[in-house]
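The primary structure of each chain is shown beneath.
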Amino acid sequence: MYNDDSKFPGNVDVTELPWVEKYRPILMKDVIGNEDVVSRLQIIAQKGNMPNMLLSGPPGIGKTTSILCLANELLGPHAKNAVLELNASDDRGIDVIRNTIKTFAQTKVTLPPGRQKIVILDEADSMTSGAQQALRRTMEIYSNTTRFALACNTSNKIIEPIQSRCTILKYSKLSDKTILKRLLEICKLEGVNYNLEGLEAIIFTAEGDMRQAINNLQSTFTGFSFVNAENVYKVCDQPSPTAVTKILDDCYNYRVDEALMGLTELWEKGYSAMDIITTMFRVVKFNNEWPEGQKLDFIKEIGFAHMKILEGISTHLQLIGLVSRLCMLSEIN
């Protein structure tokens, strides 16, 4: 983690940084979660022979951070001049490959023996097909001096020729335990007032995304000076799982009127159909009291409703239909 001003160039004030940057790891030993992938990167850092890499996985789980940590360990103080980081969702055209990246690859930089410059392309799955075709040739031509690390959410959007030139590392969502550990560390360092229910609410809303968890923690503490479940859901603008659980319990016990009344209350508070449906899915998923078959039936119906909402049919009537079908499932069972 960043703990002192010496980690930053110029006049950057550490205290003014967002916590997600202030506590971003700088060495491989600071990276938490995805232990198998991190251990492979640690071996690469020790041996110094970095291949081209393709890192895939959900957002906010440490893909770009782990590559930056690897660059710091491989290049040390030279990393500032020998690492080019681009967001391919912005710089996604073929001109960036032909100009920016090729110019960087041709630039001479003093490096430790056996080390290469590193190009980090974030959101690489947003690159156009032409840019990817140009990139694969660039990776070959400058393989002696430059290594490429491509981070993406889904690797199937990367063309096969690039995938075959890379070591593929797959990242998974971070566990609740891993996120809780980091949140507790930050709370201690920042003097955050919190209760356990508040941290559990942050973990619930983050869904394995460390960046979102830390941002939600800072936003809640900045806005309310105390992190509890109620304040977290206000900041995140998500329906309370307690209210959604009550609706689903009413469906499970075939209390149709009560379930529809609870749904209408959420709708009138201004929550969108997508907010409600995603919270329903998570509540059912983590319910340990219902029979497994009943949970699967509920998830199936919620999934069908989710598909319709994604197609644009996000009306109150759509949600009423879902609640009615869930009640019918309970009546049948």
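The structure this text deals with has already been given above.
Residues numbered from 1 in each chain as written. Predicted model: local features only at pLDDT ≥ 70, side-chain atom pairs only at ≥ 80, totals over all residues. Heavy atoms only, no water.

A.B. asks: For this particular structure, what's the right way to read the overall build of the protein?
C.D. replies: Helix and strand counts for the protein stand at 16 helices and five strands. Along the first, second and third principal axes, the C-alpha set of the protein runs to 70 × 45 × 30 Å. Across the 333 residues that make up the protein, the buried fraction comes to 47%. Intrachain contacts of the protein at a sequence separation of at least 6 include 73% that bridge at least 24 residues. In the protein, the 36 positive side-chain charges and the 40 negative ones have mean positions that sit 11 Å from each other. (Helix = DSSP H or I, 4+ residues; strand = E, 2+ residues; numbered from the N terminus. Buried < 20%, exposed > 50% of the residue type's maximum accessible area, 1.4 Å probe, protein only. Contact = heavy atoms within 4.5 Å. Lys, Arg positive; Asp, Glu negative; His and termini not counted. Charge placed at Lys NZ, Arg CZ, Asp CG, Glu CD.)

A.B. asks: Which parts of the structure should I look at to understand the nonpolar core?
C.D. replies: Proteins that are soluble and globular tend to have nonpolar side chains buried together. In terms of nonpolar packing, the biggest core is built from 74 residues, with L41, M53, L70, L183, L217, L248 and M280 touching the most fellow members. Sequence-distant contacts of L183, that is, excluding residues within four places in its chain, are made with L199, I202, I203, A213, I214 and L217. Counting residues in each nonpolar core, the second largest holds 22 residues, with V96, M139, C152 and I159 among its members. (Core = buried A, V, L, I, M, F, W, Y, C linked by side-chain atoms within 4.5 Å.)

A.B. asks: Can you help me understand empty space enclosed by the protein in this one?
C.D. replies: In this approach a probe as big as a water molecule rolls over the atoms, and the regions it shows empty are the leftover space. Following the criterion strictly, the structure yields one cavity of 30 Å³ or more and no others. In this structure, the largest cavity spans a volume of roughly 40 Å³. Lining the largest cavity we find G48, M50, L74, L75, R115, Q116, I118 and R147. Looking at the lining of the largest cavity residue by residue, the class counts come to four nonpolar, two polar and two charged. (1 Å grid on protein atoms, 1.4 Å probe; cavity = no way out; pocket = protein on both sides within 12 Å on 5 of 7 lines; lining within 4 Å. Points joined across faces, edges and corners; volume = space filled by probe spheres on them. Nonpolar A, V, L, I, M, F, W, Y, C, P; charged D, E, K, R; others polar.)

A.B. asks: For this particular structure, what's the right way to read the environment of F224?
C.D. replies: Summarising the element assignment, F224 is placed in helix α10 (residues 210-224). Taking the C-alpha atoms as reference points, F224 and L121, separated by 103 residues in sequence, lie 37 Å from one another. Dropping the residues within four chain positions of it, F224 is found in contact with N231, K234 and V235.

A.B. asks: How should the side chain of D250 be read in this particular structure?
C.D. replies: With respect to the helices and strands, D250 occurs in helix α12 (residues 241-252). Its relative accessible area of 0% is what places D250 among the buried residues.

A.B. asks: How should the packing of helix α8 (residues 176-190) against α10 be read in this particular structure?
C.D. replies: Think of two packed helices as two axes; the pair is described by the angle between the axes and how far apart they sit. Two elements in contact, α8 and α10, have axes separated by 10 Å at closest approach and are oriented at 35 degrees. For the crossing formed where α8 meets α10, the hand is right-handed. Contacts between α8 and α10 involve T178, I179, R182, L183, I186 and C187 on the former and, on the latter, M210, A213, I214 and L217. Looking at the contact of α8 with α10 residue by residue, the class counts come to eight nonpolar, one polar and one charged. (Axes fitted to C-alpha atoms, helices over the stretch in contact; angles between N-to-C directions. Left-handed = near helix turned anticlockwise from the far one by under 90°.)

A.B. asks: Sorry if this is basic, but what is going on with helix α3 (residues 63-75) here?
C.D. replies: Count 3.6 residues to each turn of an α-helix, and residues three or four apart come out pointing the same way. The end-to-end C-alpha separation of α3 is 18 Å, in line with the 18 Å expected for 13 residues at 1.5 Å each. Within α3, 10 of the 13 residues are buried, which leaves it mostly tucked inside the rest of the structure. Listed in full, the buried residues belonging to α3 are K63, T64, T65, S66, I67, C69, L70, A71, L74 and L75. Residues of α3 that are buried sit in contact with α2 (35-47), β1 (53-56), α4 (79-82), β2 (83-87), β3 (117-122) and β4 (146-152). (Expected span 1.5 Å × (residues − 1).)

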